[in-house]
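Next come the chains, spelled out residue by residue.
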Amino acid sequence: MTDLLSVHNLVKRYKQLTAVDGVSFSVAKGQCFGLLGPNGAGKTTTIEMMEGISKPTSGEVRLFGEPASRKAFERVGIQFQNTALQDYLTVAETLALFAAFYTKTIDREELIGLCSLGDFLNRDARKLSGGQRQRLLLALALINDPDLVFLDEPTTGLDPQSRRNFWELVQAIKHRGKTIVLTTHYMDEAETLCDDIAIMDQGRIVERGSPAQLLERHFDGVMVNLPATAVEGKVLPFEMLANRDRVEIQTTAVDAIVRQLAEAQVPLTGLQVKSPNLEDLFLKLTGHALRA
Amino acid sequence: MMSRLLAVFNARNKEFWRDRSSLAWNFAFPFLLVFGFYFIFGQGMPMFKVGVIGEQDAYISRPAFMQLSHIQFVPYDELETALNRARRHQIDLVLDLDRQLYWVNEESRNGYVAERLLVNADPDFNRRVVQGEPIRYVDWVLPGIIGMNIMFSSLFGVGYAIVRYRKNGVLKRLKATPLSAFEFVSAQILSRLLTVMLVASIIYFGSHWALSTLMLGNPFSLLLTLFVGALAMISLGLAVASRSRSEELTGGLMNMATWPMMGLSQVWFSLEGAPPTVQSIANALPLTHLVSAAREITTEGATLMQVSDHLLVLAGMTALFLTIAALLFNWDSDHR
Ligand SMILES: Nc1ncnc2c1ncn2[C@@H]1O[C@H](COP(=O)(O)OP(=O)(O)OP(=O)(O)O)[C@@H](O)[C@H]1O
Ligand SMILES: [Mg+2]
């Protein structure tokens with residue numbers, strides 16, 4: 001039994017809207033599982049059902065091999081997408097408050113060191129910067145030394161430096177053998193942190209696998225891209241994907257593509273060739289740029 | 001400049017008109033208040049108040065005195081209750097119709113005039129005398145002020161805090177820990193109880209010490225009474241806040257609970273002689289019982305036994321409100 005967490009046919013309906021529409025997957029012990037998807041895809045809804053915060057309309061969640069129950073909270077750590085903390089408490093007091101809820105807790109000094117909270121322990125929790133706050137919230141998620149950690153968009157709104165620091169932190173947690181479930185919009189984040197990824201769109205999982213597997217499955221070769229204005233009105237014999245003001249062509253034969261473009265008298269200034277990443281895959285699968 | 005001002009003016013107006021709960025409140029409330037006071041005091045204040053014993057027995061000929069205008073006749077079952085009121089100048093005369101007796105407080109100016117009127121109209125009534133200083137308004141009103149303070153502090157302190165926690169996600173974060181709703185709510189109750197009791201004691205005993213306000217009863221009886229009352233108020237706050245995540249709605253509900261109590265629970269003025277319907281509404285309000293019990297203890301020296309009916313009502317209300325709160329309580333209602 002290595003599946004720490006599994007969900008089966010999870011559905012959540014809000015009146016007319018089906019926010020999560022039959023989602024199934026499982027996460028093995030020690031893995032970092034990434035739930036990716038555009039705004040409104042149903043990531044938060046899914047993760048909150050796993051956390052036991054909201055009730056599924058139908059379907060099953062199993063934690064540690066048992067149907068999810070409040071008892072499992074002792075072994076789970078949660079960081080919400082949006083959370084307020086109790087007013088007028090300092091960082092240290094907030095840590096003490098949450099520590100009191102659990103029978104087993106992580107060593108306080110160790111936690112403070114791990115999340116680098118030392119510099120602002122006595123500051124009012126409301127006065128923290130975005131990055132400091134996020135580290136405190138992560139510390140709260142880790143306070144019971146959980147086996148399973150849920151992180152809902154932990155780095156949204158952080159500057160690149162803070163994001164990188166946060167990633168290191170998550171890596172450190174992973175090295176302690178924790179299982180992590182993470183949602184994010186950032187493909188580089190998923191690529192760096194996740195062993196296993198599910199891409200969600202409109203309440204369904206549209207793709208599943210490790211970052212390398214996904215790229216291999218969907219992309220052969222490289223991406224050629226051009227300014228959209230360059231190909232305007234041209235009829236070309238290959239598929240093009242719009243991405244903001246550029247178009248992308250996926251190919252194994254760059255030479256042939258370039259030749260065809262030249263024959264169609266497409267100006268080649270601004271042409272770029274790069275290997276595809278998860279971002280390209282995301283756009284391809286969720287058609288986000290096209291739909292917008 | 002004008003157009004910007006107008007834009008904000010318009011936006012604010014829309015906000016006001018579209019916020020149904022507060023809109024209803026802004027209009028309904030003043031009307032309710034006006035109608036309420038009209039109902040209670042519409043007949044105008046009488047010039048004299050006379051307590052009557054034995055009114056119930058159907059009188060073939062009521063004494064001529066009782067036909068006079070501008071005198072309010074308040075029936076009493078117990079002579080002693082009526083006499084106590086007369087001693088404190090709260091009523092001007094006491095009549096016993098069966099025995100053809102009347103009591104007057106010789107230190108009361110109103111009593112003197114009312115007595116002249118009575119003797120003129122019905123010379124056969126026999127005179128009895130009671131004595132006593134008038135109760136000062138400050139002594140009378142102090143339990144009301146303490147009660148009101150307990151009410152506001154409990155209702156808003158517990159109710160608003162919980163709604164705010166629910167709205168901004170603090171409750172949701174707590175729900176994700178092993179903390180149970182029972183533990184959370186109990187902690188809120190205890191914390192507020194401590195604060196409320198502390199403040200109430202300071203006001204009470206502080207003014208007793210500084211202004212030598214009346215304290216005829218046992219201070220511990222008073223503390224117990226305030227405690228029971230605070231518990232009822234806090235429970236009411238919990239019930240009101242058990243589900244809602246809208247501060248406006250909760251605010252409306254709180255106002256709906258507090259204003260009738262401000263008006264009808266005899267915080268500022270006595271309802272003696274008000275229509276029976278008004279009195280029975282007042283008796284359904286926890287503040288009425290809290291204030292009455294506290295007032296009987298401080299101004300009449302009542303014992304716990306003598307105020308036990310009020311305390312029982314408060315305990316019953318506490319149980320009722322807590323049950324409602326427990327049934328309805330929700331960490332995080334499922335709509336955003
Ligand atoms: N309580 C609710 N009531 C009604 N609809 C809801 C509720 N919660 C979420 N939804 C809807 O469900 C859908 C999925 O929302 P969810 O928050 O799970 O998306 P998400 O993938 O987390 O998005 P984001 O990346 O913006 O956080 C959205 O369309 C949202 O409007
Ligand atoms: Mg989300």
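Below is a short write-up of the structure. (Residues numbered from 1 in each chain as written. Chains lettered and ligands numbered in written order. Predicted model: local features only at pLDDT ≥ 70, side-chain atom pairs only at ≥ 80, totals over all residues. Heavy atoms only, no water.)

Our next topic: helix α5 (residues 160-175) of chain A. Every α-helix winds through 3.6 residues per turn, so residues three or four apart in the chain are directed the same way. Residue and element names in this part refer to chain A. Taking 1.5 Å per residue as the helical rise, α5 with its 16 residues ought to reach 22 Å, and the 23 Å between its terminal C-alpha atoms agrees with that figure. Along α5, the positions that sit buried rather than exposed are Arg163, Phe166, Trp167, Leu169, Val170, Ile173 and Lys174. Angular distribution of buried residues about the axis of α5 spans 160°; they occupy a single face of the element. Among the exposed residues of α5, those pointing more than 90 degrees away from its buried face are Gln161, Glu168 and His175. After α5 finishes, the residue Gly177 shows a positive phi value of roughly 85°. (Helix = DSSP H or I, 4+ residues; strand = E, 2+ residues; numbered from the N terminus. Expected span 1.5 Å × (residues − 1). Buried < 20%, exposed > 50% of the residue type's maximum accessible area, 1.4 Å probe, protein only. Arc of directions from axis to C-beta.)

Now for the coordination of the magnesium ion (ligand 2). Residue and element names in this part refer to chain A. The magnesium ion (ligand 2) binds to the protein through Thr44 (OG1) and Gln81 (OE1), with metal-donor distances spanning 1.8 to 2.2 Å. Linking Thr44 in helix α1 (residues 43-50) with Gln81 in the loop between β6 (76-79) and α2 (91-99), this pair joins segments that are 37 residues apart in sequence. Judged by its relative accessible area of 14%, Thr44 falls in the buried class. Looking at Gln81, the relative accessible area reads 32%, which means it is partly exposed. (Donors = N, O, S within 2.8 Å, 3.2 Å for Na, K, Ca; no water.)

A word on the environment of A:Leu215. Residue and element names in this part refer to chain A. Mapping Leu215 onto the fold places it in helix α7 (residues 211-218). On a C-alpha basis, the gap between Leu215 and Asp280 in space is 9.1 Å, while along the polypeptide they are 65 residues apart. Leu215 has contacts with Glu191, Pro276, Asn277, Leu278 and Leu281, leaving out every residue within four places of it along the chain. (Contact = heavy atoms within 4.5 Å.)

Our focus in this paragraph is the nonpolar core. Ranked by size, the top nonpolar core spans 112 residues in total, and within it A:Leu95, A:Leu117, A:Leu136, B:Ile150, B:Leu174, B:Phe184 and B:Leu226 carry the most contacts. Counting residues per element, this core draws most heavily on helix α8 (residues 219-241) of chain B, which supplies 12 residues. Discounting chain neighbours no more than four positions away, the residues touching A:Leu95 are A:Leu111, A:Ile112, A:Leu117, A:Leu121, A:Leu136, A:Ala139, A:Leu140 and A:Ile143. In this structure, A:Leu4, A:Leu5, A:Phe25 and A:Ile47 belong to the second largest nonpolar core, which totals 29 residues. (Core = buried A, V, L, I, M, F, W, Y, C linked by side-chain atoms within 4.5 Å.)

On to the sheet that holds strand β4 (residues 58-63) of chain A. Residue and element names in this part refer to chain A. Across the sheet, which stays open at both edges, the four strands sit in the order β2-β1-β4-β5 with antiparallel pairing between neighbours. The sheet is open, and its two borders are formed by β2 (17-28) and β5 (66-67), each paired with just one other strand. With nine bridges joining them, strand β1 (residues 3-14) and β2 adopt antiparallel strand pairing. Bridge assignment links Val11 to a residue of β2, and that residue is Asp21. Contacting β1, β2 and β4, α1 crosses the sheet at an angle of about 125° to β1. (Pairing = 2+ DSSP bridges. Axes fitted to C-alpha atoms, helices over the stretch in contact; angles between N-to-C directions.)

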